[in-house]
Amino acid sequence: MTHRYQAAIVGGGPAGLQAALTLGRMHVETLLFDDVRYRNAASPQMGNVLGWEGAEPAALRAAGHAQLAEYPWVRLVRAGAESARDDGRGLVLTASGAEWSVERLLIASGVEDALVPIPGVRELWGDVVLPCPYCHGHEFAGGPVAVISEGSHAEHVGGLLRGLSSHVPVIAPGEVAEVARSATGVRIMLLDGGVVEASCVFIPPNGVPRSGLAEDLGIRYDGDGIEIDALGRTSRDGVWAAGDVAKRADARIPAAVVTALSSGLIAAADIAASVAVARDARR
Ligand SMILES: Cc1cc2nc3c(=O)[nH]c(=O)nc-3n(C[C@H](O)[C@H](O)[C@H](O)COP(=O)(O)OP(=O)(O)OC[C@H]3O[C@@H](n4cnc5c(N)ncnc54)[C@H](O)[C@@H]3O)c2cc1C
């Protein structure tokens, strides 16, 4: 008979790694799938992560993997989970041509950033084109800091940055021809021929949830992510979501490393509780 794991986590970013640590510490037999496409991979350093200020994102993940190696209950599978289905006794995930039977699933697969289609933005993403003032604003404080955005996002981010810099030009995306690296940071070329120089520029991140598994399992989600309750439970029994792929209770809550770690812990704690309840019910 196929072995059935007590839990699987799809995604090895901060949310999935923290969840794996919690489940490992609770001796829950867990599969951790990761296809190694981290959201902040383009960024040379992290900000606003207590204990990890200025560290490379990869350093946090490496420390996480080293710590997880202490917990034999967690098995890392470096492969993408391609699909999920219900076999009547639990879930079956497919990855790398193999099938894996699991009792519970945590989706922590993150988002992909659908960036505004301005030439230069993709190339400078994570360097001097940035998503989040809480993560990178302080490092550029004092110099001119631009915002390419409009509407409520421009108001919100512009307002935050004006606490860090006295010069915060806000430019609508439709006015921008191109952005390029300059000696002092970034040069923003406007369609009317004007040029704005800044040390960096913030744009809306526009994360699109990687939700193929949610779709497979008929779980409720929309463009803001998978719907969850306060414990990370989705609309389907036995499936949780955490990190950026999960819809935040309020759009103003930052999608960040610490919030991902926190939501991974919350969901994993509930998964461990569900394992305990099922075990005691069998006694
Ligand atoms: C450029 C940039 C810089 C940032 N800088 C900061 C910062 O300085 N500080 C901060 O707090 N936040 C920062 N953030 C935000 C932060 O990166 C995210 O909030 C955080 O990574 C979310 O963690 P996560 O675990 O939900 O998702 P991710 O870190 O994106 O991890 C998702 C994981 O799931 C895996 N995956 C996806 N689909 C599958 C599948 N089907 N099978 C297997 N694996 C799968 C991916 O490979 C990846 O490993 C930044 C974001 C960006 C875009």
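- Per an unreviewed UniProt entry, the chain goes by Thioredoxin reductase and derives from Frondihabitans australicus.
- Quoted verbatim from the Catalytic activity (unreviewed entry) field of UniProt, the annotation for the chain is "[thioredoxin]-dithiol + NADP(+) = [thioredoxin]-disulfide + NADPH + H(+)".

1. A word on helix 2 (residues 57-68)
Here is step 1: Here helix 2 spans 17 Å end to end across 12 residues, near enough to the 16 Å set by a 1.5 Å rise per residue.
Here is step 2: Within helix 2, the full set of buried residues consists of P57, L60, R61, G64 and L68. Down the axis, helix 2 shows its buried residues gathered within 95° of arc, on one side only.
Here is step 3: Packed against the buried residues of helix 2 are helix 1 (14-25), strand 3 (30-33) and helix 7 (257-282).

2. Topic: the pairing of strand 4 (residues 74-77)
Here is step 1: Across four bridges, the pairing between strand 3 and strand 4 is parallel. Looking at strand 4, one finds that F33 is bridged to V77.
Here is step 2: The parallel pair strand 3 and strand 4, bridged by helix 2, forms a crossover whose chirality is right-handed.

3. A word on the pattern of salt bridges
Here is step 1: A full pass over the atoms with the stated rule returns 17 salt bridges.
Here is step 2: The salt bridge partner of E112 is R37, with a shortest N-O separation of 3.6 Å. Of this pair, E112 sits in strand 9 (residues 111-113) while R37 sits in the loop between strand 3 and helix 2; the two residues are 75 residues apart in sequence, bridging distant segments of the chain.
Here is step 3: A salt bridge links R279 to D280; the nearest nitrogen and oxygen atoms lie 3.6 Å apart.
Here is step 4: Taking relative accessible area as the criterion, D280 reaches 42% and is therefore assigned partly exposed.
Here is step 5: Overlapping salt bridges bring together D35, R37, E112 and R210 as one network.

4. Section: the nonpolar core
Looking at soluble globular proteins, one finds that nonpolar side chains tend to be buried together.
Here is step 1: Within the largest apolar cluster, 28 residues are counted, with the highest numbers of intra-cluster contacts made by V129, I148, V176, V179, I188, V201 and I203.
Here is step 2: Going through the elements one at a time, helix 3 (121-124), strand 10 (129-130), strand 11 (145-148), helix 5 (151-161), strand 13 (176-182), strand 14 (185-190), strand 15 (195-198) and strand 16 (200-202) are the ones with two or more residues in this core.
Here is step 3: Broken down by element, the residue count for this core peaks at four residues, all from strand 11.
Here is step 4: With 25 residues, the next largest nonpolar core counts A84, A95, A214 and L217 among its residues.

5. Overview of the sheet that holds strand 15
Here is step 1: Pairing is antiparallel in the open sheet, where three strands are placed in the order 13-14-15. What marks the edges here is a single partner per strand, and that holds for strand 13 and strand 15. If you compare each strand with its neighbour and ignore which way they point, the axes differ by 20° on average.
Here is step 2: Alignment of strand 14 against strand 15, held across four bridges, turns out to be antiparallel. From the neighbouring strand, I188 faces strand 15, where its bridge partner is V196.

6. Examining the sheet that holds strand 11
Here is step 1: Taken together, four strands build an open sheet; the order of strands is 10-16-11-12 and the sheet is parallel. If you trace the sheet from one side to the other, it starts and ends with strand 10 and strand 12 (170-171), each paired once.
Here is step 2: Both strand 10 and strand 16 contribute to a ladder of two bridges, which runs parallel. Note that in strand 16 the partner of L130 across the bridge is F202.
Here is step 3: With respect to the sheet, helix 5 is in contact with strand 11, strand 12 and strand 16, its orientation differing from that of strand 11 by roughly 175°.

7. Notes on the UniProt feature "domain: FAD/NAD(P)-binding" (unreviewed entry) in the chain
Here is step 1: Per the UniProt annotation, the sites labelled "domain: FAD/NAD(P)-binding" (unreviewed entry) are residues 6-171 and 173-263.
Here is step 2: Helix makes up 26% of residues 6-171 and strand makes up 25%, while its end C-alpha atoms are separated by 50 Å.
Here is step 3: Spanning residues 173-263, this segment combines 13% helix with 33% strand, and its end C-alpha atoms are found 33 Å apart.

8. Side note on the domain arrangement of the chain
Here is step 1: Domain boundaries assigned for the chain yield domain 1 (4-112 + 206-282) and domain 2 (115-202).
Here is step 2: The straight-line distance from the C-alpha centre of domain 1 to that of domain 2 is 32 Å.
Here is step 3: At the junction of the two partners, domain 1 supplies seven residues and domain 2 supplies six residues.
Here is step 4: Between domain 1 and domain 2, the buried area comes to about 720 Å², and carbon and sulfur atoms account for 53% of it.

Analysis parameters
- Residues numbered from 1 in each chain as written.
- Predicted model: local features only at pLDDT ≥ 70, side-chain atom pairs only at ≥ 80, totals over all residues.
- Heavy atoms only, no water.
- UniProt positions renumbered as here; feature names shortened; annotations may be inferred.
- Helix = DSSP H or I, 4+ residues; strand = E, 2+ residues; numbered from the N terminus.
- Expected span 1.5 Å × (residues − 1).
- Buried < 20%, exposed > 50% of the residue type's maximum accessible area, 1.4 Å probe, protein only.
- Arc of directions from axis to C-beta.
- Contact = heavy atoms within 4.5 Å.
- Pairing = 2+ DSSP bridges.
- Right-handed = clockwise from strand over helix to strand, strands pointing away.
- Salt bridge = Lys/Arg side-chain N within 4 Å of Asp/Glu carboxyl O.
- Core = buried A, V, L, I, M, F, W, Y, C linked by side-chain atoms within 4.5 Å.
- Axes fitted to C-alpha atoms, helices over the stretch in contact; angles between N-to-C directions.
- Domains from an automatic or database assignment.
- Buried area = accessible area lost by both parts, 1.4 Å probe.

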